[in-house]
Amino acid sequence: MPDPEAKRLEQGGSSLAEQRGERRYNIDLLRAEEDVNGLIEALRSDGGLTRQRAALALGDLGGPGAAEPLIRALGDPMTAVREAAADSLAMLGGAAVGPLVELIESPEASGKYEESTAAGRPATVTGPGGQTWEIETRRDLRRVYAAAILGEIGDPAAVEPLARALHDKNDDLRCQASGALAKFGREAVGPLAGLLADPDPDTRIVAAGVLGDTGDASAVEPLIGALRDENDDVRGAAGGALMRMGDAAVDPLVAATKDADRNVRLYAAGALKYIGDPRAIDALRDLTLDEDKDVRSVAEDAIDKIQMVRGEMPAEPSPPTSR
């Protein structure tokens, strides 16, 4: 009966790696035999290609037991290994959601995936020519990847934690969390709309932008409400988000042109100009009589643009012909 350990060694006799005490893994054999434990062990190989292939194989074969080893691999020094682990965690789906949510909820949670021998040692990323750069911490890498992976999995249980991650001090995590939330569409609108009342204007700006990225019609009313925000940048983010909503925003924006708040009327006219829907013409004509000159100017520009697109602008007079 063949030695089980021999199955995990590459064929071809001894090698320099073996002489150094390094184990070589036959990933194809481990995959064929559905040896999940062997593949998990291969994630600790000294060979980057071996770790990458083991991570990819675990996405095809691994169950819940593969989640934690793959999360550990999200801190690998090699980008290819981290990307392979991220892809495989997305394939695990629900089995990976709990540990990934824990990562973004608790900065300390990533510590349990650190190798004990690596404690206190800086993580490095290897680049062209073998040059290495220190990265601040593997723990932050895992948290950033976790947010992106949760967006790929699409489990609704991740929406609230991802929304809370928009407060995180890590810029990269906030960026990945916002991109992930946009993929949830309507499911993300409620938590994001709640963040429009956050005391931090930066959080409100991000929330408004992501609401526009969801593309869901239920995001329109919260965004129109954000046009009343005291912060110019928040109002601008809400206006830009409404522009991206397209047809779904036209009727609510037309109603907003009659709002008592000058900022709401101004941004509504700007969004209607960008969308270019002829249904807005009558409301925009009313705005040309507005008491605020900026509102009047934007409304006039919006009418000109919409009419030009419809071919209703009067033709430029032809130059006189010479005789």
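All values reported here derive from a predicted model rather than from experimental measurement. (Residues numbered from 1 in each chain as written. Predicted model: local features only at pLDDT ≥ 70, side-chain atom pairs only at ≥ 80, totals over all residues. Heavy atoms only, no water.)

## Thoughts on the overall build of the protein chain
Then, number 1: Tallying secondary structure elements over the protein chain gives 19 helices and 2 strands in all.
Then, number 2: When the accessible surface of the protein chain is totalled, it reaches about 16400 Å², and 49% of it is carbon and sulfur. (Helix = DSSP H or I, 4+ residues; strand = E, 2+ residues; numbered from the N terminus. Areas by Shrake-Rupley, 256 points an atom, 1.4 Å probe, with all protein chains shown as cover.)

## Some details on the pattern of salt bridges
Then, number 1: For the structure on display, the rule yields 22 salt bridges.
Then, number 2: Aspartate 28 is paired through a salt bridge with arginine 53; the nearest N and O atoms lie 2.4 Å apart. Here aspartate 28, found in helix H3 (residues 27-32), pairs with arginine 53, found in helix H5 (residues 48-61); they are 25 residues apart in sequence, far enough to count as distant.
Then, number 3: Here aspartate 28 falls in the partly exposed class, since its relative accessible area comes to 48%.
Then, number 4: Using a relative accessible area of 32% as the deciding quantity, one classes arginine 53 as partly exposed.
Then, number 5: Across the pair glutamate 102 and lysine 112 runs a salt bridge whose closest N-O atoms are separated by 3.1 Å. Of the two residues, glutamate 102 sits in helix H8 (residues 94-105) while lysine 112 sits in the loop between H8 and strand E1 (123-126), which places them 10 residues apart along the sequence.
Then, number 6: One salt-bridge network, in which partners are shared between bridges, spans Arg262, Asp292, Lys293 and Asp294. (Salt bridge = Lys/Arg side-chain N within 4 Å of Asp/Glu carboxyl O. Buried < 20%, exposed > 50% of the residue type's maximum accessible area, 1.4 Å probe, protein only.)

## Focus: the side chain of arginine 143
Then, number 1: Turning to its location among the elements, arginine 143 is positioned in helix H9 (residues 138-153).
Then, number 2: Excluding residues within four positions of it along the chain, arginine 143 makes contact with Leu103, Ile104, Ser106, Pro107, Asp168 and Leu173. (Contact = heavy atoms within 4.5 Å.)

## Focus on the nonpolar core
Then, number 1: If you look at the biggest cluster of nonpolar residues, it comprises 92 residues, and the most contacted ones within it are Leu89, Leu100, Leu162 and Leu284.
Then, number 2: With residues up to four places along the chain from it excluded, the contact list for leucine 284 reads Ala269, Leu272, Ala299, Ala302, Ile303 and Ile306. (Core = buried A, V, L, I, M, F, W, Y, C linked by side-chain atoms within 4.5 Å.)

## Examining the environment of arginine 51
Then, number 1: Position of arginine 51 among the secondary structure elements: in helix H5.
Then, number 2: With a relative accessible area of 10%, arginine 51 lands in the buried category.
Then, number 3: As a C-alpha pair, arginine 51 and alanine 84 span 33 residues in sequence and 9.0 Å in three-dimensional space.
Then, number 4: Aside from chain neighbours lying at most four places away, what touches arginine 51 is Ala42, Leu43, Ser45, Asp46, Asp76, Met78 and Val81.

## Points about the side chain of arginine 235
Then, number 1: Along the polypeptide, arginine 235 turns up in helix H15 (residues 232-245).
Then, number 2: Overall, arginine 235 belongs to the buried group, its relative accessible area being 8%.
Then, number 3: Excluding anything up to four places from it in sequence, arginine 235 contacts Ala226, Leu227, Asp229, Glu230, Asn263 and Tyr267.

## Details of the confidence of the model for the protein chain
Then, number 1: Taken as a whole, the protein chain shows an average pLDDT of 85; of its residues, 82% reach a score of 70 or greater.
Then, number 2: Low confidence marks residues 1-21, where pLDDT is under 50. Its contacts with residues over four positions away, or in another chain, come to 26 contacts. (pLDDT = per-residue confidence, 0-100.)

## Observations concerning helix H17 (residues 262-275)
Then, number 1: Across its 14 residues, H17 extends 20 Å between first and last C-alpha, which sits within 8% of the 20 Å expected from 1.5 Å per residue.
Then, number 2: Most of H17 sits inside the fold, with 10 of its 14 residues counted as buried.
Then, number 3: Those residues of H17 not exposed but buried are Asn263, Val264, Arg265, Leu266, Ala268, Ala269, Gly270, Ala271, Leu272 and Ile275.
Then, number 4: Looking one or two places after H17, you find glycine 276, whose phi comes out positive at around 75°. (Expected span 1.5 Å × (residues − 1).)

## A few points about the environment of methionine 245
Then, number 1: Looking at the secondary structure, you find methionine 245 in helix H15.
Then, number 2: Assessed through its relative accessible area of 8%, methionine 245 is described here as buried.
Then, number 3: Those residues in contact with methionine 245, other than ones at most four positions away along the chain, are Leu211, Gly212, Gly215, Asp216, Ala217, Ala219, Val220 and Leu223.

## What about helix H12 (residues 186-195)?
Then, number 1: All of the buried residues in H12 are Ala188, Val189, Pro191, Leu192 and Leu195.
Then, number 2: Here the buried face of H12 lies against helix H10 (159-164), helix H11 (171-182) and helix H13 (201-214).

## Considerations on the environment of leucine 272
Then, number 1: Assignment of secondary structure puts leucine 272 in helix H17.
Then, number 2: Along the backbone, leucine 272 and leucine 253 are 19 residues apart, and their C-alpha atoms lie at a distance of 7.0 Å.
Then, number 3: Those residues in contact with leucine 272 that lie beyond four places of it in its chain are Val250, Leu253, Val254, Thr257, Asp277, Ala280, Leu284 and Ile306.

## Considering the packing of H15 against H17
Then, number 1: Where H15 contacts H17, the two axes come as close as 9 Å, and the packing angle between them is 35°. Between H15 and H17 lies a crossing whose hand is right-handed. Here Asp232, Arg235, Gly236, Gly239, Leu242 and Met243 of H15 come into contact with H17, specifically with Asn263, Tyr267, Gly270, Ala271, Tyr274 and Ile275. (Axes fitted to C-alpha atoms, helices over the stretch in contact; angles between N-to-C directions. Left-handed = near helix turned anticlockwise from the far one by under 90°.)

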